[in-house]
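Overview (structure and organization)
Listed below are the residues making up each chain.
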Amino acid sequence: MNKKKKPFLGMPAPLGYVPGLGRGATGFTTRSDIGPARDANDPVDDRHAPPGKRTVGDQMKKNQAADDDDEDLNDTNYDEFNGYAGSLFSSGPYEKDDEEADAIYAALDKRMDERRKERREQREKEEIEKYRMERPKIQQQFSDLKRKLAEVTEEEWLSIPEVGDARNKRQRNPRYEKLTPVPDSFFAKHLQTGENHTSVDPRQTQFGGLNTPYPGGLNTPYPGGMTPGLMTPGTGELDMRKIGQARNTLMDMRLSQVSDSVSGQTVVDPKGYLTDLNSMIPTHGGDINDIKKARLLLKSVRETNPHHPPAWIASARLEEVTGKLQVARNLIMKGTEMCPKSEDVWLEAARLQPGDTAKAVVAQAVRHLPQSVRIYIRAAELETDIRAKKRVLRKALEHVPNSVRLWKAAVELEEPEDARIMLSRAVECCPTSVELWLALARLETYENARKVLNKARENIPTDRHIWITAAKLEEANGNTQMVEKIIDRAITSLRANGVEINREQWIQDAEECDRAGSVATCQAVMRAVIGIGIEEEDRKHTWMEDADSCVAHNALECARAIYAYALQVFPSKKSVWLRAAYFEKNHGTRESLEALLQRAVAHCPKAEVLWLMGAKSKWLAGDVPAARSILALAFQVFMKSVKLEWVLGNITAAQELCEEALRHYEGFPKLWMMKGQIEEQEELMEKARDAYNQGLKKCPHSTPLWLLLSRLEEKIGQLTRARAILEKSRLKNPKNPGLWLESVRLEYRAGLKNIANTLMAKALQECPNSGILWSEAIFLEARPQRKTKSVDALKKCEHDPHVLLAVAKLFWSERKITKAREWFHRTVKIDSDLGDAWAFFYKFELQHGTEEQQEEVRKRCENAEPRHGELWCAVSKDIANWQRKIGEILMLVAGRIKNAF
């Protein structure tokens with residue numbers, strides 16, 4: 001039935017309409033007005049909310065924090081000294097300037113905190129220690145009583161009264177259920193009657209035991225209620241005796257699971273088992289429970305397998321460690337009874353027993369093990385008289401004649417003649433023992449030793465030591481020509497018998513020969529094996545490494561033999577000749593060095609350094625004519641000939657030689673430099689200028705020539721001409737740090753510091769990675785800016801020795817002694833050839849170091865032999881110092897250094 005639709009449905013409400021106002025239903029709030037209740041862990045409606053804002057609780061905390069951030073700028077929150085409790089500007093925008101300021105303040109706070117950190121930590125540590133001394137923990141107060149608890153016996157522990165218990169009597173003294181085993185007769189009786197109950201009915205006890213008021217007793221009144229089954233008399237009976245037998249059988253099966261069915265030995269690994277037990281034995285006063293556990297486990301091992309020797313040994317050592325020596329002796333003697341064929345058990349028993357008893361134990365052991373070498377050795381050790389020792393060992397050799405160890409022990413006790421007789425018998429019994437053959441050869445005469453070694457080679461054709469001993473024997477008797485043949489035959493024979501020639505082993509044998517003084521043998525061995533097993537392209541590298549290794553092992557003759565062989569293979573290699581020459585210089589004699597250098601220049605006539613080394617050796621020995629003759633042979637070393645005459649004061653001869661050299665080598669800039677310096681020394685400035693200008697025409701890219709000409713003009717007062725020369729040199733040689741540096745220093749010496757700084761800036765733009773320019777730039781700055789400049793220099797040239805030296809000098813100027821010393825060490829480690837670094841380092845130690853530190857720097861400098869450096873070369877190349885040694889030059893350079901930086 002259709003109802004008429006209300007006319008107001010679907011129409012908007014009239015203005016001012018309030019639902020329920022007419023009924024008075026406006027005084028309450030429903031859930032729809034305030035929304036559903038939300039738990040703090042409920043997620044928010046925004047599915048893409050960032051972390052920390054994904055739950056209702058997070059939003060509430062954020063709102064609460066926003067409320068807390070509101071500033072309280074009331075007058076009651078204002079203090080005249082501290083101001084407002086909060087920040088006046090916390091609500092303002094946080095800009096980048098604020099962030100930088102905060103970072104600076106934080107860095108300052110951190111720096112101040114680090115300065116006080118050590119003192120603060122020390123103070124806190126002292127306060128904690130003081131507090132713990134005044135108020136120790138309860139655990140510390142009762143620690144001594146805890147230790148004494150180990151002495152409490154079980155009876156004393158059980159007699160300690162319990163703490164008062166608030167429980168009632170029934171709870172304190174519960175009546176435990178009592179279980180009484182039922183006798184077998186009970187089961188047998190009821191089995192006969194056909195009853196199969198296994199428990200007693202409570203009603204039976206209530207009405208007078210097993211008799212019930214119901215007729216029939218325990219039998220059911222219903223026929224057929226007991227069906228035939230396992231427990232019925234009709235099908236069988238329960239035999240308690242068989243149950244006991246089954247139980248014993250089951251136990252036997254379980255025990256058999258851990259036993260081997262063949263030998264009866266335990267399948268548990270005895271070594272690992274006893275290792276575990278040994279790890280439980282305390283080496284010092286440990287826990288008594290660990291000792292008891294170890295003792296029980298070892299007892300279990302002994303009982304399970306009484307014929308296992310390590311069990312008895314471990315048990316005895318456990319008792320020995322715990323101080324029960326007699327118990328240990330008793331156990332090990334019981335072990336000898338159970339394991340009479342065990343060598344280790346007898347030796348352990350002899351060790352644990354005192355002297356005479358130990359001898360008796362060893363005698364008993366010999367009866368059981370007459371072939372045991374170790375027992376005989378132990379018996380000899382127990383004897384204190386030499387005669388008794390000999391008697392024991394000879395008795396042992398009767399039973400075990402093929403024991404090398406016994407023969408060696410017996411021979412060591414004999415005189416040489418008796419030892420030779422015994423060794424003759426020993427090599428018959430032990431023909432494969434190399435040691436016995438070699439020992440016999442050492443005791444025999446030369447002829448007999450050769451026979452002995454020949455027999456040894458027949459019996460042992462695969463041992464190299466016999467051949468090497470034969471070679472040493474020939475060398476000792478002056479037959480050095482036989483040494484080479486013996487070693488060659490040895491290599492051939494060993495290879496024929498299938499022996500691989502191990503190059504490393506032979507080199508070690510050669511080093512041993514070198515240390516023993518057998519020079520010819522070690523050199524013959526080296527020559528025979530040095531080329532074995534090496535690829536052709538690796539020979540030079542490998543041989544140089546072998547030579548260095550021999551030098552490190554102090555086997556100098558081996559190294560000399562390697563160099564000699566390498567020079568035969570590579571006669572035209574300058575690097576090999578140089579290595580050999582330096583070896584002779586450091587470890588040989590002057591005569592050996594000069595002989596080697598004569599051969600070297602014959603094979604490498606174009607190697608300038610070899611000619612110079614030969615001339616220098618003659619020169620230092622005072623043989624100036626010989627030095628002149630060597631230099632005359634080397635046309636490419638005219639320069640050294642000129643210098644020799646120059647330093648000797650023969651200026652005219654030096655000038656003539658220089659002119660002759662320039663006719664042959666006019667493109668050699670050092671000759672032009674020497675000609676100009678000689679003229680400059682003689683105060684002939686015009687001739688010196690002409691020499692430098694002629695040299696620059698032939699060698700326009702020689703930086704030292706440009707520098708010498710510029711300094712000559714500066715020296716005679718022609719500053720403008722000097723500046724023009726340097727500008728011209730930079731045009732012809734762009735990006736040259738040396739020329740830029742000289743230009744900067746020229747302006748600085750003239751007092752034009754601004755121009756010097758401008759030139760330095762241009763120089764660093766053109767040569768941004770030049771360490772020598774950066775090192776100069778650091779000290780052109782004012783003192784406050786030097787540190788910043790040094791940081792920039794290190795960024796550009798981190799491993800440049802000039803920059804590292806400048807930083808060391810900077811720390812030195814700031815009186816930071818430790819840091820300065822550290823940076824000096826870095827500098828000389830990176831470039832030990834820089835003489836200026838050694839000079840500044842030595843000057844630094846003279847002012848701030850001890851005598852030991854000064855001596856260390858001087859010795860290191862002498863070993864490094866520096867050759868470069870502006871200040872160093874100015875002193876070392878001065879003709880007045882031509883006879884000075886490295887240490888003297890170091891002192892001269894250090895004396896010229898002033899602390900004006």
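Labelled according to an unreviewed UniProt entry, the chain appears under the name Pre-mRNA-processing factor 6, originating from Carlito syrichta. What UniProt states about the chain under its Subcellular location (unreviewed entry) heading is, verbatim, "Nucleus". What UniProt records for the chain under Function (unreviewed entry) is the sentence "Involved in pre-mRNA splicing as component of the U4/U6-U5 tri-snRNP complex, one of the building blocks of the spliceosome. Enhances dihydrotestosterone-induced transactivation activity of AR, as well as dexamethasone-induced transactivation activity of NR3C1, but does not affect estrogen-induced transactivation."

The number of helices and strands found in the chain is 48 helices and two strands. In the chain, which comprises 901 residues, the share counted as buried stands at 34%. Long-range contacts, defined here as pairs at least 24 residues apart, represent 48% of the contacts in the chain between residues at least 6 apart. On the chain, roughly 59,000 Å² of surface is accessible, and the fraction owed to carbon and sulfur atoms is 52%.

Before going further, it helps to examine the environment of Glu862. Its place among the elements puts Glu862 in helix α46 (residues 851-864). Taking C-alpha positions, Glu862 is 10.0 Å from Ile889, a pair spaced 27 residues apart along the chain. Sequence-distant contacts of Glu862, defined by excluding residues within four places in its chain, comprise Ile886 and Gly887. Among the polar contacts made by the side chain of Glu862, one reaches the side chain of Arg858 at a distance of 2.5 Å.

This part is about unusual backbone geometry. Positive phi values are uncommon outside glycine, yet Asn554 reaches one of about 65°. When its relative accessible area of 56% is taken as the criterion, Asn554 is described as exposed. The backbone of Glu865 shows a phi angle near 50°, a positive value even though the residue is not glycine. Relative to the helices and strands, Glu865 is located in the loop between α46 and α47 (870-876).

A cluster of acidic residues, Glu95, Asp97, Asp98, Glu99, Glu100 and Asp102, forms a negative patch at the surface. Counting through the fold element by element, Glu100 comes out in helix α3 (residues 96-134).

What follows deals with the pattern of salt bridges. Summed over the entire model, instances satisfying the criterion amount to 36 salt bridges. Taken together, the salt bridges that share partners define one network made up of Arg317, Glu320, Glu348 and Arg351.

What follows is about helix α26 (residues 519-529). Owing to its 3.6 residues per turn, the α-helix brings residues three or four apart onto one side. Along α26, eight of the 11 residues are buried, which leaves the element largely enclosed by surrounding structure. If you check which residues of α26 are buried, you get Ala520, Thr521, Cys522, Gln523, Ala524, Val525, Met526 and Val529.

Taken together, the side chains of Leu149, Val152, Trp157, Leu158 and Ile160 define a hydrophobic patch exposed on the protein surface, amounting to about 510 Å² of accessible area. Its location among the elements puts Leu149 in the loop between α5 (143-148) and α6 (154-158).

On the surface, Arg111, Arg115, Arg116, Arg119, Arg123, Lys787 and Lys819 cluster together to form a positively charged patch. When residues of the positive patch are assigned to their parent elements, the largest contribution, five residues, is made by α3. Note on placement: Lys787 falls in helix α42 (residues 783-796).

Packing of helix α16 (residues 355-368) against helix α17 (residues 373-382) leaves a shortest axis separation of 10 Å and a crossing angle of 155°. Relative to α17, α16 is oriented roughly antiparallel. Crossing of α16 against α17: the hand is left-handed. Of α17, the residues touching α16 (which contributes Ala358, Lys359, Val362, Ala365 and Val366) are Ile375, Tyr376, Arg378, Ala379 and Leu382. When the residues that make up the contact of α16 with α17 are grouped by side-chain class, the tally is eight nonpolar, no polar and two charged.

Attention now moves to the packing of aromatic side chains. Considering all chains together, one arrives at eight aromatic pairs under this definition. With a centroid separation of 6.0 Å and an interplanar angle of 55°, the aromatic rings of Trp543 and Phe570 are classed as tilted. Of this pair, Trp543 sits in helix α27 (residues 539-552) while Phe570 sits in the loop between α28 (556-569) and α29 (574-587), and the two are 27 residues apart along the sequence. By relative accessible area, which is 14% here, Phe570 ends up buried. Relative to Trp823, the ring of Phe811 lies with its centre 6.3 Å away and its plane at 35°, an arrangement referred to as tilted. Taken together, the residues span a long stretch of sequence, with Phe811 in helix α43 (residues 801-813) and Trp823 in helix α44 (residues 817-830) at a distance of 12 residues. Pairwise contacts between aromatic rings join Trp812, Phe824, Phe841 and Phe844 into one cluster. One cation-aromatic arrangement involves Arg730 over Trp740; the distance from NZ or CZ to the ring centre is 4.3 Å.

Let's shift gears to the packing of helix α23 (residues 464-476) against helix α24 (residues 480-496). Contact pair α23 / α24: the axes reach a minimum separation of 8 Å and the direction vectors enclose 170°. On the basis of the axis angle, α23 is roughly antiparallel to α24. Contacts between α23 and α24 involve Arg464, Trp467, Ala470, Ala471, Glu474 and Glu475 from the first element and Thr480, Met482, Val483, Ile486, Ile487, Arg489, Ala490, Ser493 and Leu494 from the second. Among the residues making up the contact of α23 with α24, the classes are represented as nine nonpolar, two polar and four charged.

Turning our attention to the state of the cysteines. If you walk through the whole model with that rule in mind, you get zero disulfides. With no disulfide of its own, Cys522 lies closest to Cys558 among cysteine sulfurs, the gap being 4.0 Å.

Membership of the largest hydrophobic core comes to 105 residues, with the highest contact counts inside it found for Leu406, Trp407, Trp506, Met526, Val529, Trp543 and Leu610. Inspection of this core shows a minimum of three residues originating in each of domain 1 (461-567) and domain 2 (571-636). Leave out the neighbours within four places in its chain, and Val529 touches Ile491, Ile501, Arg503, Trp506 and Ile507. Counting 47 residues, the second largest nonpolar core, distinct from the first, contains Val744, Ala808, Phe841 and Tyr842.

Bringing the confidence of the model for the chain into the picture now. On average, residues of the chain score 77 in pLDDT, and 76% of them are at 70 or above. In this model, residues 203-236 is a region of pLDDT below 50 whose contacts with residues beyond four sequence positions or in other chains number 23 contacts. Ignoring residues within four places in sequence, the model shows residues 258-268, a span with pLDDT below 50, making 10 contacts including any to other chains.

A separate point is helix α35 (residues 669-681). Under the 1.5 Å per step criterion, the end-to-end length of α35 is 18 Å for 13 residues, consistent within 8% with the ideal 18 Å. Among all positions in α35, only Leu671, Trp672, Met673, Met674, Lys675, Gly676, Ile678, Glu679 and Glu680 are buried. One or two positions beyond α35, positive phi appears at Glu683, with a value near 65°.

This part takes up the side chain of Ser743. Within the secondary structure layout, Ser743 lies in helix α39 (residues 737-749). Note on Ser743: relative accessible area 4%, which makes it buried. In contact with Ser743, other than residues within four places in its own chain, are Leu726, Arg730 and Leu759.

A separate point is the side chain of Glu584. Position of Glu584 among the secondary structure elements: in helix α29. Here the side chain of Glu584 touches Arg560 through a polar contact of 2.9 Å, side chain to side chain. Excluding residues within four positions of it along the chain, Glu584 makes contact with Arg560, Thr589, Ser592, Leu593 and Leu596.

This next bit is on the environment of Ser549. By the element assignment, Ser549 lies in helix α27. Judged by relative accessible area, which is 31%, Ser549 ranks as partly exposed. Spatially, the C-alpha atoms of Ser549 and Ala559 are 8.2 Å apart, while their sequence positions differ by 10 residues.

Each value, and the rule that gives it
Residues numbered from 1 in each chain as written. Predicted model: local features only at pLDDT ≥ 70, side-chain atom pairs only at ≥ 80, totals over all residues. Heavy atoms only, no water. UniProt positions renumbered as here; feature names shortened; annotations may be inferred. Helix = DSSP H or I, 4+ residues; strand = E, 2+ residues; numbered from the N terminus. Buried < 20%, exposed > 50% of the residue type's maximum accessible area, 1.4 Å probe, protein only. Contact = heavy atoms within 4.5 Å. Areas by Shrake-Rupley, 256 points an atom, 1.4 Å probe, with all protein chains shown as cover. Polar contact = N/O pair within 3.5 Å; in protein donor to acceptor, adjacent residues only side chain to side chain. Patch = residues over 30% accessible without salt bridge, like charges linked within 9 Å, V, L, I, M, F, W, Y side chains within 5 Å. Salt bridge = Lys/Arg side-chain N within 4 Å of Asp/Glu carboxyl O. Lys, Arg positive; Asp, Glu negative; His and termini not counted. Charge placed at Lys NZ, Arg CZ, Asp CG, Glu CD. Axes fitted to C-alpha atoms, helices over the stretch in contact; angles between N-to-C directions. Parallel < 35°, antiparallel > 145°, perpendicular 65-115°, else oblique. Left-handed = near helix turned anticlockwise from the far one by under 90°. Nonpolar A, V, L, I, M, F, W, Y, C, P; charged D, E, K, R; others polar. Phe/Tyr/Trp six-rings, centres within 6.5 Å; stacked < 30°, edge-to-face > 60°. Lys NZ or Arg CZ within 6 Å of the ring centre and 35° of its normal. Disulfide = S-S within 2.5 Å. Core = buried A, V, L, I, M, F, W, Y, C linked by side-chain atoms within 4.5 Å. Domains from an automatic or database assignment. pLDDT = per-residue confidence, 0-100. Expected span 1.5 Å × (residues − 1).

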